[in-house]
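# Topology and contacts: notes
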Amino acid sequence: MSINSETLVSHMNHEIAAIQPSDILAFNAEIANIPGIVRLTLGEPDFNTPEHVKQAAIKSIEADESHYAPSNGTLALRTAAAEFLATKYDVHYDPASEVIITAGATGGIYTALSSILNPGDEVLIPTPIFPLYIAIVKLAGATPVFMDTSDNGFVLSPDQLQTTLAAHPKTKAVVLNFPSNPTGVTYRHDDLKALAAVLADQPIFVLSDEIYSELTYGERHESIANYLPAQTILLNGVSKSHAMTGWRIGIMCAPKAITAQLGKIHQFTVTSTTTNAQAAATEALKNGLDDAQVMKREYQERRDYLYDALNELGFQSAKPEGAFYLFSKIPAGLPQDSMAFCRELAHEARVALIPGSSFGPGGEGYVRISYAASMSDLKTAVTRIKTYVASKKQGA
């Protein structure tokens, strides 16, 4: 009898069996065909890529720039990325040896974690957090150690970090993502300085995903790399800042010795990112320093509207300081299982939100709401949610 595919599955990488497909994508697909539904689910800008960036890609195609780019990225893009980070956040990297252009920030996360982790290592992850980091840690054979920040305004405190480190001597890395997906909170000067004091002089990597840095409200974004330059692997990119999610261009920076090792994994998994997309990203970072400002002003207006409107309906939220998400506690008296709540809301009120349980410990009882949607859609969603909440309270 011949071998069948089901038999072969048991012979695959054993870590894959422990990985579940993305709850976020699965739920978004589940509710996608509900007629007239307002989807506030995926973290994708509802703006178009700036015209000057698109034109740079068109020119690249017309110039027949269709061949392999250098594995770590074109020197033009690495230089533009280094200059962008220096101008915006005062972090400094040598484009020749300390910058790698990745397939989106996701490619950078995979490359970094695959490069630094060995089976048995532990990685400290503040939650709630975007689940991608958790899955990649597990695929590397390492163990995620969750630090639930829901009792501290969704901010990791130095005391919590210190306590967790003391209990986990196998810690190889700490993951930071700020401004945060899903909460929208961020770390400011004093927060970063205090966390850095705990981690300084320890052989621990800091994987800092700062992809939403240009969508920070109020004070200017500051990078943890300012405080821990030798330990930080810094991730950024153009997906959120220039509405270029589909172009798949990320930036990964680290000291030269570390980057030399990161480049090996990147080379053998990606080879290089798309050449004309790199041309577009070069234009974005070189001549579009402030392209995010128009989007940011509109996001902030949407945030203020949604935050106030949902608070009136009993949804308690930490006020976002960046990104385009509101992480809101489901009002008392409504279904507290976040998946059940989101399913019911989708089918009965035709509004789609993401269950907080998708984001790890501390997320249950919450929903993530993306306001990367038009103000018209947000107002429609609020009206429908208000009707839904009122009907449930009347039926209680």
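Please refer to the structure higher up on the page.
A few points on the structure. Just so it is clear, the structure is predicted and the values come from calculations on it, not from any experiment. Think of each chain on its own: its residues are numbered from 1, step by step along the sequence as written. Two thresholds apply to this predicted model, a pLDDT of at least 70 for residue-level local features and 80 or more for giving and counting side-chain atom pairs, whereas whole-chain, interface and lining totals are computed over all residues. Working from all heavy atoms in the structure, the side-chain values ignore hydrogens and water.

## A word on the sheet that holds strand β10 (residues 325-329)
Pairing between the strands of a sheet comes from backbone hydrogen bonds, and it takes one of two forms, parallel or antiparallel. Read from one edge of the open sheet, four strands run β9-β10-β13-β12, paired in antiparallel fashion. Of all strands in the sheet, those with a lone pairing partner are β9 (316-317) and β12 (354-355), marking the two edges. Bridge count for β9 against β10 is two bridges, and the pairing is antiparallel. Across the sheet, residue S317 finds its bridge partner in β10, namely S328. Running over the sheet, helix α12 (residues 292-312) touches β9, β10 and β13 (366-370) and is turned about 10° from β10. Pairing between two strands is assigned when DSSP locates at least 2 bridges connecting them. Helix and strand definitions here come from DSSP, where helices need a minimum of 4 consecutive H or I residues and strands a minimum of 2 consecutive E residues; each element is numbered from the N-terminal end. Between two residues, a contact is recorded if the distance between any of their heavy atoms is within 4.5 Å. With axes taken as lines fitted to C-alpha atoms, and helix axes fitted only over the stretch in contact, angles between N-to-C directions fall between 0 and 180 degrees.

## Some thoughts on the nonpolar core
Note on terminology: a nonpolar core comprises buried Ala, Val, Leu, Ile, Met, Phe, Trp, Tyr and Cys residues joined through side-chain atoms within 4.5 Å. Exposed residues in this analysis have more than 50% of their type's maximum accessible area, buried residues have under 20%, and partly exposed residues fall in between, with area computed by a 1.4 Å probe over protein chains only. Formed by 76 residues in total, the largest nonpolar core has its most connected members in L161 and F341. Those residues in contact with L161 that sit more than four places away from it in its chain are L124, M147, L156, V174, L195, V198 and L199.

## Digging into the pattern of salt bridges
Side chains that differ in sign of charge can pair as their charged atoms come close. Salt bridge, as applied in this entry: a Lys or Arg side-chain nitrogen positioned within 4 Å of an Asp or Glu carboxyl oxygen. Per the counting criterion, the structure on display carries twelve salt bridges. Across the pair K54 and E51 runs a salt bridge, and its minimum N-O distance is 3.3 Å. Here E51 and K54 lie together in helix α4 (residues 51-62), a separation of three residues that amounts to about one turn. Among the residues examined, K54 registers a relative accessible area of 30% and is labelled partly exposed. With a closest N to O distance of 3.1 Å, K392 and E348 form a salt bridge. With K392 in helix α14 (residues 375-395) and E348 in helix α13 (residues 338-349), this residue pair connects regions lying 44 residues apart in the sequence. For K392, a relative accessible area of 27% puts it in the partly exposed group. Judged by its relative accessible area of 49%, E348 is partly exposed. The network of salt bridges with shared partners includes D46, E298 and R302.

## Some details on α13
Turn by turn, an α-helix covers 3.6 residues, leaving residues three or four places apart pointing in a common direction. Under the convention used throughout, the expected extent of a helix is 1.5 Å for every residue step, that is, one less than its residue count. Here α13 is twelve residues long and its end C-alpha atoms lie 15 Å apart, about the 16 Å a rise of 1.5 Å per residue gives. Of all the positions in α13, only S338, M339, F341, C342, L345, A346 and A349 are classed as buried. Take α13 and look down its axis: the buried residues cluster within an arc of 165°, on one side only. Positioned one or two residues after α13, R350 has a phi angle of 55°, which is positive. Arc definition: directions from the helix axis to the C-beta atoms.

## Focus: unusual backbone geometry
The step from T127 to P128 runs through a cis peptide bond, and the omega angle for that step is 0°. Within the element layout of this structure, P128 appears in the loop between β3 (122-127) and α7 (132-139). Residue P179 is reached from F178 by a cis peptide bond, and omega for that bond is -15°. As for its placement among the helices and strands, P179 is situated in the loop between β5 (171-177) and α9 (189-199). Positive phi is not limited to glycine here, since R248 has a value of about 55°. Here R248 shows up in the loop between β7 (232-237) and β8 (250-253).

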